[in-house]
Each structure stands twice: as structure tokens, then as C-alpha cells.
Amino acid sequence: MQNRRQPAARETTGNESRAAIRSASCDRGRLDAGNMAGQIRLASPAATTARMRKCGVPIDHDGWAAATPAEVGLDAATLSELDAFLRQWPKRNVHAVVIARRGKLVFERYFRGRERRWMDWSDEVQFSPTKKHDIRSISKSVTSLLVGTAVSEDRFPSLDSPVIDCFPEYADLRTRKNERITFRHLLTMSHGLRWDESRGWKSQANNERQLLEAVDPSRYVLEQRVASPPGTAFNYSGGATTLLAAAVAKAAGRSFDVYAKDRLFAPLGITDVEWLSFTGCAEVAAFAGLRLRPRDLAKLGQLMVDQGRWNGRQILPARRRVDDPAHERGRTRRAVLRIPLVAGALPAQRSRPDVDRRLRQWRPTSFRRSPARSRGRHQRVRSSQPDSDRDSQPARDACCD
């Protein structure tokens, strides 16, 4: 047999090292941290950082513990298909995806998209770990966490006390009907006030817009007529959250955003925070004005998963339950899932083997949205409101959606 001459071994050049990195496992649909580490040792620090960002590997952690997908039981190959998955959405405007599991940051990807402050849309921008995002109605959930904190400090009034009692400056608005509204009703959005956020944004009948532009937001909310007995029907309302934030500020003896910084953000290491004000006054808009970085928003989710603890420290009191009589009768079951509570008013959810199986089998390429199912969900939410509050107008470009 003829012997073939073997090529001589030679030293790898910088260009060849970078070429090897370009063929790293994440480009082939596999985000393997071990392979990645072996490849990036050949590259310059700048090339290493760029490659890690492309593969979704967190670069710096902002106080998070970090892990590889495999270490927390996630499929790295599926995560690496994220870009292709998002391209299935013709009108996608996904800004950031941050994944944490078992208390550890494992994956993040940032994209280009349009941002808005209230109703003003920006040009397309590149989002990043350091860019804040308008989180809209998640602000309501943050407000409810702060209500729970104030309750645990014995600062806040009893949840079953009348809301109007907390606002003696609005004694002229007190009626026999609205004095039955309690803070528990505000938390479960079963306040009974006539409130409609479904109208077009330019409509004067849209309570959300009127609230945003109000010179005295709390007065505006309390001026609304009671349409149904409190505790009997769900009605989504930024006005309810506005009253809760005003009560927290009164109880804490400082502005709502300062209390949020002292009792929630600072202990979590969240320093880059913006809370927009109402357009009609300087008061912060607790119902929709909060802006956070995606990693910091994920910290709030992790805080709830860990019963108020962050990195071994108890930041918030352990989870409380806010019982909602309307929910217990099954009248607001689906709608309540969308509203903020003091750490959750929902009973334990029953196991759904069919849902669990579909989640385990999920792959990005199998995603499809059903318009009919989406419409049905909104119809069910509307049907939980009083008949007089229903309308047939299409959903509008909401301020806090």
C-alpha cells in the first residue's frame, strides 16, 4: 500500500482561531457551555464577549448567580433556535428574552425594536442588558408587592377598611356606596366603580386616558360612580392601583417611588429605575409608569418564586393570600389571572396533565397563534363585568397594555 505523506503540524493563527469560533456549537444549534469555553480561549476578549452574547450566554450577572442551560435541566439546542422561532411572528416586537431557572441566570437575548414612553413610539432601537424597558401594567404587580410590604410593617390600613377613610381630604366625595369599597376590593379589582379602559385612546369615555391626564388622580378615581356592589364583579382598573399607591405613600410618610426604592429595589441591587409621572401632575403613575432593565424585572419574578427571598435574604414578607369572594364563586377566575394581588389571591391550581405534556414537548417551530382562541379569551374577561359596562368596540392601543 502506498504511504501518503502527512501534512506537517503548524501553529494556529489568530485568523484561524476566530474562524474556529465562528463554527462554534451555538451556530450549529447547540449552546454547549463546555464547547463554548474551549473555543473562546482561542479568541481575544472582545471576540469572546461578542460570541457569548450571540449564543445567549450572560456576560455579567448584575447580582445573579449564573449557570449553563444543562446545569438547570434546560435544552440548550432549543434555546439556540430562538431567533428562528421569533421570525415566525410577522409583526414581532420582542425586545428581550431573559431566562432564569432554579434561581440562576442561564440565557438572555436582545433584539431591535420600537419602544414607547406612554403613547409616544420611538424609532427602532437596539435593546441590551443596560437599556430600560417600559413594563406597562407590570407596574400594578410591583405596586401590590409594596402594599404587602406596608401591611407587614403595620403601616397600611386594614385591608377590610373603607378606602375613603384613608383620604379625608376627599370627604366631599364620600357616599353610602363608595364607603363600602375596601382595599381588598382594590387589590382584587372588584371595586364596583364604573370604569372603562376598553374605549379608543382618543375617546373621552376612556377612563385610563382621563386618569393619566388628571391634575388630581386620586380625586378623579373617587369621583367615579359605583356601578355594582363591591366584591361582586371584576373590572380591570388603573384607578384601583392609583388609590393603592396613594395609600402606601400616606402610610410610609414618603413618596411612593422613594418607598419602592428603599424597600424593594435597593435590597435587590436594582439601581437603574425610572417611574414616569402622570402627564397631568408630578405624581408617579403607579398603574403603568415603571421602567426597568429586563434582568431586574426577572429579579422580581425570582423574588416571588422564592417567597420574598433574594440571595438568602428575606426582602419581602412571605406570600399572603387575598381572598376574593367574587373569584371564589368562579365569576372572575380567568380574569383574576391578569391582575396584581398582594402576592396572589389564587387558590392552588390543579395539575393539568395535558398542559404539562404539551409544555414538555414544546419546540419553537410548533408555535401557532389561534385568533379565534385569542378572541374568546377577551370575551370571557369582558363577560365578568357588569352588563352596563360592556361595549362592542374593538380593543384600543392601550396605554398600559
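Being a predicted model, the structure only gives us computed values, none of them experimental. (Residues numbered from 1 in each chain as written. Predicted model: local features only at pLDDT ≥ 70, side-chain atom pairs only at ≥ 80, totals over all residues. Heavy atoms only, no water.)

Asks: Which residues make up the pattern of salt bridges, and what values do they have?
Replies: For the structure on display, the rule yields 22 salt bridges. The partner of Arg117 in a salt bridge is Glu274, with the nearest N and O atoms 2.7 Å apart. Here Glu274 lies in strand β7 (residues 274-275) and Arg117 lies in strand β4 (residues 112-117), a separation of 157 residues in the sequence. Since its relative accessible area comes to 37%, Arg117 is described here as partly exposed. In this structure, the salt-bridge partner of Arg199 is Asp196, at a minimum N-O distance of 2.8 Å. Given a relative accessible area of 13%, Asp196 falls into the buried group. Sharing partners across several salt bridges, the network here consists of Asp62, Glu108, Arg293, Arg295, Asp296 and Lys299. (Salt bridge = Lys/Arg side-chain N within 4 Å of Asp/Glu carboxyl O. Helix = DSSP H or I, 4+ residues; strand = E, 2+ residues; numbered from the N terminus. Buried < 20%, exposed > 50% of the residue type's maximum accessible area, 1.4 Å probe, protein only.)

Asks: Give a description of the packing of aromatic side chains that names residues and reports values.
Replies: With the rule as written, the count across this model stands at 8 aromatic pairs. Where Trp195 meets Tyr220, the ring centres are 5.8 Å apart and the plane angle is 70 degrees; that geometry is what we call edge-to-face. Linking Trp195 in the loop between α7 (183-187) and α8 (207-212) with Tyr220 in helix α9 (residues 217-222), this pair joins segments that are 25 residues apart in sequence. Take Trp195 and Tyr220: they sit in the same class, and that class is buried. Here the aromatic residues Trp118, Phe278 and Phe287 are joined through ring pairs into a cluster of three or more. (Phe/Tyr/Trp six-rings, centres within 6.5 Å; stacked < 30°, edge-to-face > 60°.)

Asks: Could you give an account of the nonpolar core, with specific residues and numbers?
Replies: If you look at the biggest cluster of nonpolar residues, it comprises 63 residues, and the most contacted ones within it are Phe156, Phe167, Phe183, Leu264, Phe265 and Trp275. Sorting elements by how many residues they give to this core places helix α10 (residues 238-252) first, with 8 residues. Aside from chain neighbours lying at most four places away, what touches Leu264 is Val142, Leu146, Tyr259, Leu300, Leu303 and Leu316. (Core = buried A, V, L, I, M, F, W, Y, C linked by side-chain atoms within 4.5 Å. Contact = heavy atoms within 4.5 Å.)

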